[in-house]
Amino acid sequence: MLVVDDDPALAEMLGIVLRTEGFEPSFVADGDRAMAAFRATKPDLVLLDLMLPGTDGIDVCRQIRAESGTPIVMLTARGDTVDVVLGLEVGADDYIIKPFKPKELVARMRARLRRNDAPTSEMLEIGDLTIDVAGHVVSRNGTQIALTPLEFDLLAALARRPGQVFTREHLLEQVWGYRHAADTRLVNVHVQRLRAKVERDAERPEIVLTVRGVGYKAGPP
Amino acid sequence: MTEAPASPPSGRLRVDRARRAGAAVRHTWRASLQLRVAATTLVLSGIVVVVLGVVLLNQIRDGVLEAKQRAALSQLDFGLQHAADQFNAIDRPNPTSVRSTASSVTADLAGRGSDALSYGVAMVSTAGGDSASTADILPVPSIPTRLLHTVSREQREAWTYAVLTHRDGSREPGLVVGGPVQSDTADYQLYYLFPLQQESQTISLVERTMLFSGLAVVLLLVAIAALVTRQVVRPVRLAAATAERLAAGRLRDRMAVRGEDDLASLATSFNRMAETVEQQISQLRELSRVQRRFVADVSHELRTPITTIRMAADVLHDARSELPPELGRSAELLQTQLDRFEALLADLLEISRHDAGAATLEPEPVDLRGLVSHVLDATAPIAERRGCAVEADLPDEPVVAEVDARRVQRILRNLVANAVEHGAGCPVEVRLRGDEGGVAVTIRDHGVGLRPGEAALVFGRFWRADPARARTSGGTGLGLSIAMEDARLHGGYLQAWGDPGRGSVFRLTLPWRVGGELGEPPLPLEPPDEDAAPVSTEGVARA
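This one's a predicted model, so the numbers in the text were calculated from it and none came from an experiment.

**Q** Go over the overall build of chain B, please, and point to the residues and values.
**A** Counting its secondary structure elements, chain B contains eleven helices and 14 strands. The buried share of chain B, taken over its 543 residues, is 27%. Here the analysis covers contacts within chain B between residues at least 6 apart in sequence; of these, 66% occur between residues at least 24 apart.

**Q** How would you explain the overall build of chain A if you had to name every residue and give the values?
**A** Within chain A, the secondary structure is distributed over eight helices and twelve strands. Residues counted as buried form 43% of the 221 residues belonging to chain A. Across chain A, the fraction of contacts at a sequence separation of at least 24, relative to all contacts at a separation of at least 6, is 55%.

**Q** Can you explain the pairing of strand E11 (residues 438–445) of chain B? Please cite residues and give values.
**A** All names here are of chain B. A large share of E11 lies buried, amounting to eight of its eight residues. The two faces of E11 match: Gly 438, Ala 440, Thr 442 and Arg 444 on one face and Val 439, Val 441, Ile 443 and Asp 445 on the other face are all buried. In the sheet, strand E10 (residues 428–435) pairs with E11 via seven bridges, with the strands oriented antiparallel. Within E11, the position partnered with Gly 434 by the bridge is Val 439. Taking the residues between adjacent antiparallel strands as the criterion, E10 and E11 are bridged by two residues.

**Q** Go over the environment of Leu 88 of chain A with me, naming the residues and quoting the values.
**A** All names here are of chain A. Here Leu 88 is to be found in helix H4 (residues 82–89). A C-alpha to C-alpha distance of 7.3 Å links Leu 88 and His 190, two positions 102 residues apart in sequence. Aside from chain neighbours lying at most four places away, what touches Leu 88 is Arg 185, Leu 186, Val 189 and His 190.

**Q** Describe the interface of chain B and chain A, and please don't skip the residues or the numbers.
**A** The interface is formed by 26 residues belonging to chain B together with 24 residues belonging to chain A. Looking at the side of chain B that touches chain A, the elements that each hand over two or more residues are helix H7 (262–318), strand E7 (364–367), helix H9 (368–386) and helix H10 (405–422) of chain B. When residues of the side of chain B that touches chain A are assigned to their parent elements, the largest contribution, 13 residues, is made by H7 of chain B. Here the side of chain B that touches chain A is composed, by residue class, of eleven nonpolar, eight polar and seven charged.

**Q** Now, about the confidence of the model for chain B: what can you tell me, with residues and values included?
**A** Residue and element names in this part refer to chain B. Per-residue pLDDT for chain B has a mean of 81; in total, 89% of the residues score no lower than 70. Per-element averaging of pLDDT across chain B places strand E14 (residues 537–541) at the bottom with 44 and strand E9 (residues 400–403) at the top with 90. In the model, residues 1–7 has pLDDT below 50 throughout and makes one contact with residues more than four positions away in sequence or in other chains. Below a pLDDT of 50 lies the segment residues 531–543, which in the model reaches 28 contacts outside its immediate sequence neighbourhood of four places, other chains included.

**Q** Explain the environment of Val 187 of chain A to me, and be specific about the residues and the numbers.
**A** Residues and elements named next belong to chain A. Considering the arrangement of structural elements, one finds Val 187 in helix H8 (residues 185–198). Under the C-beta neighbour-count criterion, Val 187 is labelled buried, with 23 such atoms within 10 Å. Sequence separation between Val 187 and Asp 94 is 93 residues; the distance between their C-alpha atoms is 9.8 Å.

**Q** Describe the sheet that holds strand E1 (residues 2–4) of chain A, with residues and values.
**A** Strands pair in a sheet through their backbones, by hydrogen bonds, and they do so in one of two ways: parallel or antiparallel. Residues and elements named next belong to chain A. Taken in spatial order, the five strands make up an open sheet running E2-E1-E3-E4-E5, and their pairing is parallel. Strands at the two margins of the open sheet, each flanked by one partner only, are strand E2 (26–28) and strand E5 (94–97). Between one strand axis and the next, the sheet turns through 20° on average, direction left out of account. Across four bridges, strand E4 (residues 72–76) lies against E5 in parallel orientation.

**Q** Before we move on, can you summarise unusual backbone geometry with the specific residues and values?
**A** Residues and elements named next belong to chain A. Cis rather than trans, the peptide bond between Lys 98 and Pro 99 has omega equal to -5°. By secondary structure assignment, the location of Pro 99 is in the loop between E5 and helix H5 (102–113). Located in the positive-phi region is Lys 42, a residue other than glycine, with phi close to 45°. For Lys 42, the location among the structural elements is in the loop between helix H2 (34–41) and strand E3 (46–49). With phi around 50°, Asn 141 is a residue other than glycine that occupies positive phi space. Mapped onto the elements of the fold, Asn 141 is located in the loop between strand E8 (137–140) and strand E9 (143–145).

**Q** Can you tell me about the pairing of strand E6 (residues 188–195) of chain B, naming the residues and giving the values?
**A** Residue and element names in this part refer to chain B. Of all eight residues in E6, seven are buried; the element is thus mostly enclosed. Sheet analysis places strand E1 (residues 120–125) next to E6, joined by six bridges and oriented antiparallel. Directly across from Val 124, in E6, lies its bridge partner Gln 189. Across seven bridges, the pairing between strand E5 (residues 171–180) and E6 is antiparallel. Paired with Leu 175 across the strands is Phe 194, a residue of E6.

**Q** Summarise H5 of chain A; cite the residues concerned and give the values.
**A** Here H5 of chain A spans 16 Å end to end across twelve residues, near enough to the 16 Å set by a 1.5 Å rise per residue. If you check which residues of H5 of chain A are buried, you get Pro 102, Leu 105, Arg 108, Met 109, Ala 111 and Arg 112 of chain A.

**Q** So what's going on with the sheet that holds strand E7 (residues 129–132) of chain A? Which residues, and what values?
**A** Residues and elements named next belong to chain A. The antiparallel open sheet is built from four strands, whose spatial order is E6-E7-E8-E9. Strands with a single pairing partner mark the edges of an open sheet, and in this sheet they are strand E6 (123–126) and E9. Within this sheet the neighbouring strands show an average axis-to-axis angle of 30°, counted without direction. Bridge count between E7 and E8: four bridges; the pairing is antiparallel. Directly across from Asp 132, in E8, lies its bridge partner Val 137. Running over the sheet, helix H6 (residues 149–160) touches E6, E7 and E8 and is turned about 80° from E6.

**Q** Explain the nonpolar core to me, using residue names and the numbers behind them.
**A** Residues and elements named next belong to chain A. In terms of nonpolar packing, the biggest core is built from 62 residues, with Val 4, Val 46, Leu 48, Leu 155 and Leu 158 touching the most fellow members. Residue contributions to this core peak at seven residues, all from H6. Split by domain, this core shows at least three residues from each of two domains, domain 1 (2–116) and domain 2 (123–218).

**Q** Pulling in residues and values, what's your account of the packing of helix H8 (residues 325–355) of chain B against helix H11 (residues 479–489) of chain B?
**A** Packed helices, taken two at a time, are described by the angle between their axes plus the distance between the axes. Residues and elements named next belong to chain B. With their axes 10 Å apart at the nearest point, H8 and H11 run at an angle of 35° to one another. Here H8 runs over H11; the crossing is left-handed. Between H8 and H11, the residues in contact are Asp 347, Glu 350, Ile 351 and His 354 and Gly 479, Ser 481, Ile 482 and Glu 485, respectively. A per-class count over the contact of H8 with H11 returns two nonpolar, three polar and three charged.

Thresholds, definitions, all that
- Residues numbered from 1 in each chain as written.
- Chains lettered and ligands numbered in written order.
- Predicted model: local features only at pLDDT ≥ 70, side-chain atom pairs only at ≥ 80, totals over all residues.
- Helix = DSSP H or I, 4+ residues; strand = E, 2+ residues; numbered from the N terminus.
- Buried ≥ 20, exposed ≤ 12 C-beta atoms within 10 Å, placed from the backbone.
- Contact = placed C-beta atoms within 7 Å.
- Pairing = 2+ DSSP bridges.
- Nonpolar A, V, L, I, M, F, W, Y, C, P; charged D, E, K, R; others polar.
- pLDDT = per-residue confidence, 0-100.
- Axes fitted to C-alpha atoms, helices over the stretch in contact; angles between N-to-C directions.
- Expected span 1.5 Å × (residues − 1).
- Core = buried A, V, L, I, M, F, W, Y, C linked by C-beta atoms within 7 Å.
- Domains from an automatic or database assignment.
- Left-handed = near helix turned anticlockwise from the far one by under 90°.

Structural data, given as structure tokens:
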């Protein structure tokens, strides 16, 4: 667990809460040293403040994504800034708006880490893709496609019920672990990122189809 | 205008088309100064030319005819003298000799005319019946009876215009002069019949010339007027076009200033105005930017410590069972008041974003039935706590509108929570409908309702229905204001209706697309079921 935050009081408080919940957090206070800390600690999850001295949160997020699919949860003061969308677009999995309740933060973090808990030996097909759920591998004609765990979960959720239309809220609940409706931009942005990786032509998707006014569904196998 | 009771569709169509064409002409007339000036010039110069032409023509005609008349009268004098001489020269007057003399005099006088100036001569016996005439002009219908009477009764020379009838039946305008022959031997009247062919030719030539020159003058005047107006109108149109571009946001556009005349000063003043407007706007933009920046900073600076406080409070709250009672209670108070503080801070920041114009929409097509269901799910705990049933009336068909789901949910959550908490009357009914007038959601409660005049106030900031019980019922007092701003952002609006004892209704009306057309909302604001109820108050706060 890596916490990137420049506010010492908040960092210390996060430390107290996270340790109580059984996490082992390490801390870094500025963006410039974030990558070194990330490589050194190899965390399971990164808590990333968007406003940082030095390299800002967006850039840190981009740098981490370039190397790894480690879940990233952004901490932000405002939910409606372009920064949030930008963060999601460069690969952050989720965000949480200050001030948040500790339980909410922990729930969100657990949702991101959950995949490790229940390994299954499923093989799914969606379009011309093969999904090995246990091995966390997606391939097209034997060629592997690298996805982040979140993108993988999203694709797998759609693929498990081919043809069924998922509302954005349903996906938020199933993939992100939200119990109440939240920001549907999360879904939109990550569907775009997923399409960019798995579709032959992202302009004319065949794997993840949009159902106007409702949500998304998997393309026919 | 009366209309046929059942006009056929094609007829109505024609009437419609004519009406539309009429409207188009009226619009062009109102819109084009140049056209109006040209038309006015056409009408006025036309009138002037016609009046001038008529006066001039009359003058010419009178002059021509007067000359003819004078010539005719002197001819008559000569003829009368000649006839009198001839009659007096008769040795032994008897009817036969007198008659033959009359014939010869007539022929003699007629012969004096040239080919170019042929005229008829007639001798009429006063006794009646007996007459002699020459040429091919028939005296009987040609000489008007009134002239005959005048000459014979008053024994003087007289003249008149008449229609001359030729032997072959053709007619033409002419001048007839006549007078009594002064002779003792015979009682005759002599008449000259002058055709006015030449004169009428002259006059019609003048007429034609004047008509054409008049037309030419009018057309030239119209052309000049159009040209001159164009010179004035062109810079005005240019100014209008520039103003239009300024209005469209291109604040740097200016008019070209040429010369030093009035139009140049118009351009200069216009440009100065544009300059000022641009400065003001950029100043306001700067202010708005600073404000937005400030809100963002405050937001960030406040939220980080609050997050820490919040987490600390949560840790304390979770451990309150291990604390002494007063410390435990303190932790609880800390927790609940932090909730309130956070809600207030969030609402304040939201409304200041709206004020700064920094709130942005993220519209996407959404089935509003889903939104309503979500809101009802989310508010179910409050409703349960209050023991209040919330009934939804949703259409069977999807109601897919392009809205910012987050904001619309917030509006509805606010309205439903309000109805449950403040309405104090159940059940709360939520109704959703959409038609060509837009999409509408009404939230109805059967509680205390609103007092007269309050419906317009509920959207005000920090407004409370009852100041006395204000602080106990929670809420920040900004919820409805934010809801109103959110509705406006979509191009829709929020309205409230209420009546003491009958409850209240809040209606959200949104266009199908952001900023789209809005018509009559698909749901009534006032509940239709209790029409017999007393005076109602209706407050409308429109965008």
